[in-house]
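# Residue-level structure breakdown
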Amino acid sequence: MRQRSLIAITAALAAGALTLTACGSRDSGDKGSDSGKGGGTTVTIGVDAPLTGDLSALGLGIKNSVDLAVNTANKQNLVKGVTFKISAKDDQAQPSSGQQNATAFVGDSSVLGVVGPLNSSVAQSMQKVFDDNKLVEVSPANTSPDLTQGTNWQTTKQRPYKSYFRTATTDAIQGPFAAQYIYNKAKKTKVFVIDDKKTYGAGLAKTFTDEFTKLGGKVVGTEHINPDTKDFSAVATKVKNSGAEVVYYGGEYPQAGPLSKQIKSAGANIPLIGGDGIYDPTFIKLAGTAATGDFATSVGAPVETLASAKEFVANYKAAGYKDEYAAYGGYSYDSAWAIIEAVKKVVDDNGGKLPSDARAKVTAAVQNVSFDGVTGKVSFDQYGDATNKQLTVYSVAGGAWKAVESGTYNGG
Amino acid sequence: MNELPQQLVNGLLLGSMYGLVAIGYTMVYGIVQLINFAHGEIFMTGAFGALTVYVYILPDGTSMWVALPLMLIGAILVSVTVAVGAERFAYRPLRTAPRLAPLITAIGLSLALQQAVWAWYPQAKSARTFPTIPGGPFNIGNVTIQTGDIFLVAAAPLSMAFLAYFVMRTRTGRGMQATAQDPDTAKLMGVNTDRIIVIAFALGAAFAAVGGVAYGLKYGQIDFKMGFLLGLKAFTAAVLGGIGNIYGAMLGGLVLGVAEALSTAYISNIPGMDKFGSQSWADVWAFVLLILVLLFRPQGLLGERVADRA
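Notes on the structure in this doc start here. None of the values given here were measured: they were computed from a predicted structure.

### Considerations on the overall build of chain B
- Scanning chain B from terminus to terminus reveals 12 helices and four strands.
- Taking 2.2 N^0.38 as the reference for a compact globule, 310 residues should give roughly 19 Å; the C-alpha atoms of chain B span a radius of gyration of 19 Å, in line with that estimate.
- In terms of overall dimensions, chain B has a C-alpha envelope of 60 × 55 × 35 Å along the principal axes.
- The 310 residues of chain B split such that 57% are buried.
- A separation threshold of at least 6 residues defines the contact pool for chain B, and within that pool the share at least 24 residues apart is 74%.
- For chain B, the computed accessible surface area is about 13,000 Å², with 69% contributed by carbon and sulfur atoms.

### What to know about the sheet that holds strand β9 (residues 272-274) of chain A
Residue and element names in this part refer to chain A.
- Ordered in space as β7-β6-β8-β9-β10-β13-β14, the seven strands form an open sheet in which the pairing is mixed. Each edge of the open sheet is held by one strand with a lone partner, namely β7 (218-224) and β14 (400-408). On average, each strand axis in the sheet is inclined to that of its neighbour by 25°, with strand direction left out of account.
- Two elements, strand β10 (residues 295-299) and strand β13 (residues 390-397), share five bridges in a ladder whose sense is antiparallel.

### Quick notes on the layout of surface pockets
- Empty space within the largest pocket amounts to approximately 1,300 Å³.
- In terms of lining residues, the largest pocket is bounded by 49 residues, among which Gln 94 and Asp 228 of chain A together with Gln 114, Lys 225 and Phe 228 of chain B are the most central.
- Broken down by secondary-structure element, the contributors of at least two residues to the lining of the largest pocket are α1 (2-27), α3 (95-107) and α9 (253-265) of chain A together with α1 (4-32), α2 (39-57), α4 (100-120), α8 (193-219) and α9 (226-241) of chain B.
- With eight residues, the single largest contributor to the lining of the largest pocket is α9 of chain B.

### Here's the deal with empty space enclosed by the protein
- For the structure on display, the rule yields five cavities of 30 Å³ or more.
- Approximately 110 Å³ is the volume found for the largest cavity.
- If you trace the largest cavity, you find 16 residues lining it, with Asp 231 of chain A together with Leu 14, Glu 260, Thr 264 and Gln 279 of chain B closest to the centre.
- At the level of elements, α8 (233-242) of chain A together with α1, α10 (246-266) and α11 (282-296) of chain B are the ones that each hand at least two residues to the lining of the largest cavity.
- Here the lining of the largest cavity is built from residues that sort into seven nonpolar, five polar and four charged.
- Space inside the second largest cavity adds up to approximately 70 Å³.

### Side note on helix α13 (residues 358-367) of chain A
All names here are of chain A.
- Residues of α13 that are buried include every one of Ala 358, Arg 359, Val 362, Thr 363, Ala 365 and Val 366, and no others. Looking down the long axis of α13, one finds its buried residues gathered within 165° of arc, a one-sided arrangement.
- Looking at the buried side of α13, the elements it contacts are α3, β3 (111-115), β4 (136-139), β5 (164-166) and α12 (329-349).

### A look at the packing of helix α5 (residues 147-169) of chain B against α8 of chain B
Residues and elements named next belong to chain B.
- Where α5 meets α8, the axes come as close as 8 Å, and the angle between the chain directions of the two elements is 170°. Taken together, the axes of α5 and α8 lie roughly antiparallel to each other. The way α5 lies across α8 gives a crossing that is left-handed. For the pair α5 and α8, contact is made by Gly 148, Asp 149, Phe 151, Leu 152, Ala 155, Ser 159, Phe 162, Leu 163 and Phe 166 and by Ile 199, Leu 203, Phe 207, Val 210, Val 213, Ala 214, Leu 217 and Lys 218, respectively.
- Grouping the constituent residues of the contact of α5 with α8 by class yields 13 nonpolar, two polar and two charged.

Parameters at a glance
Residues numbered from 1 in each chain as written. Chains lettered and ligands numbered in written order. Predicted model: local features only at pLDDT ≥ 70, side-chain atom pairs only at ≥ 80, totals over all residues. Heavy atoms only, no water. Helix = DSSP H or I, 4+ residues; strand = E, 2+ residues; numbered from the N terminus. Rg over C-alpha atoms; globule rule 2.2 N^0.38 Å. Buried < 20%, exposed > 50% of the residue type's maximum accessible area, 1.4 Å probe, protein only. Contact = heavy atoms within 4.5 Å. Areas by Shrake-Rupley, 256 points an atom, 1.4 Å probe, with all protein chains shown as cover. Pairing = 2+ DSSP bridges. Axes fitted to C-alpha atoms, helices over the stretch in contact; angles between N-to-C directions. 1 Å grid on protein atoms, 1.4 Å probe; cavity = no way out; pocket = protein on both sides within 12 Å on 5 of 7 lines; lining within 4 Å. Points joined across faces, edges and corners; volume = space filled by probe spheres on them. Nonpolar A, V, L, I, M, F, W, Y, C, P; charged D, E, K, R; others polar. Arc of directions from axis to C-beta. Parallel < 35°, antiparallel > 145°, perpendicular 65-115°, else oblique. Left-handed = near helix turned anticlockwise from the far one by under 90°.

Here is the structure:
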């Protein structure tokens with residue numbers, strides 16, 4: 001009797017824990033697919049992004065922006081006889097979850113394209129799954145050069161997967177762009193480089209370091225942090241004693257915020273600069289007043305300043321999403337639109353119906369899309385990279401990110 | 001500039017926090033031989049309790065000198081309620097079951113608590129900012145101490161002193177010692193062991209709550225996952241110091257914190273070791289230290305009883 005009640009309680013607890021987890025992901029997964037018009041074919045656009053956890057601010061911005069693109073296409077009746085809907089899955093910024101999601105998308109025959117993921121490390125685990133099934137994947141945010149140009153991109157560029165595209169530019173450009181700004185414009189010559197050892201962070205730190213030393217700057221110290229911890233006091237003390245004038249951080253805002261704060265409170269009053277992974281309002285929230293004067297580079301021009309983006313910003317506000325479109329909203333919209341344009345072309349070429357090998361045809365069509373998107377002209381080069389290689393430096397002032405300078409990176 | 005004093009202080013501060021949480025592991029283990037893996041989440045719910053008091057109960061702009069004691073009370077209330085509830089509904093029914101059963105329950109409970117905060121606490125899906133104590137940092141020679149750390153500097157020794165007094169001098173404390181030594185005999189001598197066990201859980205939870213507030217003040221943010229890694233470190237601290245020994249828990253925490261700070265600062269200076277010195281290796285060195293201690297002193301730094309109780 002006693003044994004039985006024990007088992008019952010243990011089981012109940014375990015079941016409770018499991019349902020909570022499951023509920024969570026389902027809750028945040030399947031919203032926004034309310035655009036059924038009835039009749040015709042339904043084409044699903046998958047979204048894979050971190051919808052929960054530390055990076056959810058960016059992930060939810062991606063999901064909502066894709067949702068907006070899909071609703072706009074449906075409203076305009078852009079592709080006759082086809083109704084788009086989204087299916088959003090949470091990868092929790094984990095490569096393993098990303099791969100599971102990829103497998104699930106592949107298994108759903110109505111999915112003709114996927115927007116995502118946020119993290120380059122997650123993309124690495126998904127690329128092959130999609131490529132084996134000729135399902136197109138357009139990432140709005142991955143910046144690791146390996147994904148499109150192969151692991152030896154610095155010497156011989158070779159595209160590993162034909163079904164992978166991205167609208168964001170790469171760290172091969174972003175790191176050096178930051179280095180040039182810091183050395184030439186901000187006139188800082190001594191840098192302390194910190195990264196989180198992940199694909200994105202370490203890659204960015206390396207391309208930054210290479211360019212910075214080439215320009216004549218000096219790296220006075222390097223550190224790698226463990227992204228699971230919040231205690232960077234030992235690192236902050238090292239930074240203070242190194243005599244650095246600036247800290248470059250390769251990584252994302254959940255760590256960058258506390259890191260900036262702890263560096264400043266250790267007594268080193270020097271700015272921190274990072275890539276698009278720290279360009280988020282949450283960074284400022286986490287770092288508090290310590291963030292003032294910190295820098296971030298991000299892909300593209302500020303969405304608010306482009307004429308093509310005004311409509312997007314207005315529509316996003318009008319749609320009433322709870323979360324901000326965040327750093328990748330415009331790119332996510334354009335990624336989704338690239339898939340939608342490709343579907344339109346495939347359907348038009350096939351006399352108004354989806355062909356049986358729609359996935360392969362859509363993938364081929366994405367390679368040749370060209371349209372004016374939210375972030376400017378959207379098209380892809382022979383590696384699947386965006387042809388638009390604009391970047392912007394932002395700085396924290398008055399508790400918000402302010403654009404300092406936009407430009408394209410020259411030389412390399 | 002010599003950074004050793006600062007790094008020692010960094011380590012001691014981090015270690016005090018490990019120690020505060022480790023006390024809960026060690027007390028519960030000392031009395032019921034249960035490793036309460038949900039203790040890290042009790043620490044986490046405490047921090048959220050304090051945040052609730054500050055954000056949702058107190059009026060905006062309340063001075064921290066007024067708010068902090070109330071936040072502490074809120075944190076302790078939440079942590080103790082969660083811990084006592086866990087003891088009553090998750091562990092007590094399993095007290096006579098094989099050791100593995102409560103251990104599994106503890107892990108389930110840990111997940112359930114994390115997910116509950118994630119799902120139901122407002123905006124807890126990513127980190128929430130925690131109020132900070134105003135005022136600049138203090139410099140003592142070369143060493144800088146943050147205002148947020150002052151709380152930790154004061155709270156850790158005070159908590160230890162209170163605990164020592166409680167366990168050594170009060171009736172209930174002696175009852176705890178008796179129960180820890182031999183629950184059956186203690187029961188025969190008229191000790192209400194059920195009550196003692198509840199008190200051990202509650203006391204451990206109160207210290208974890210203090211640790212949770214210290215964490216919030218130190219880092220300025222809390223999140224639903226914060227208990228996992230810190231709980232694991234605190235457990236390591238408890239084992240390092242000798243699980244079951246309350247002074248050992250504090251000592252283990254301090255040793256662990258200092259080891260992490262020093263490994264981050266100095267290992268990369270040793271020739272040939274520059275690859276293993278960064279902060280991402282600090283955890284590795286912490287566990288290497290644990291293994292070394294366990295190899296040469298299996299009962300932990302201050303442990304005495306483990307051999308005859310295991």
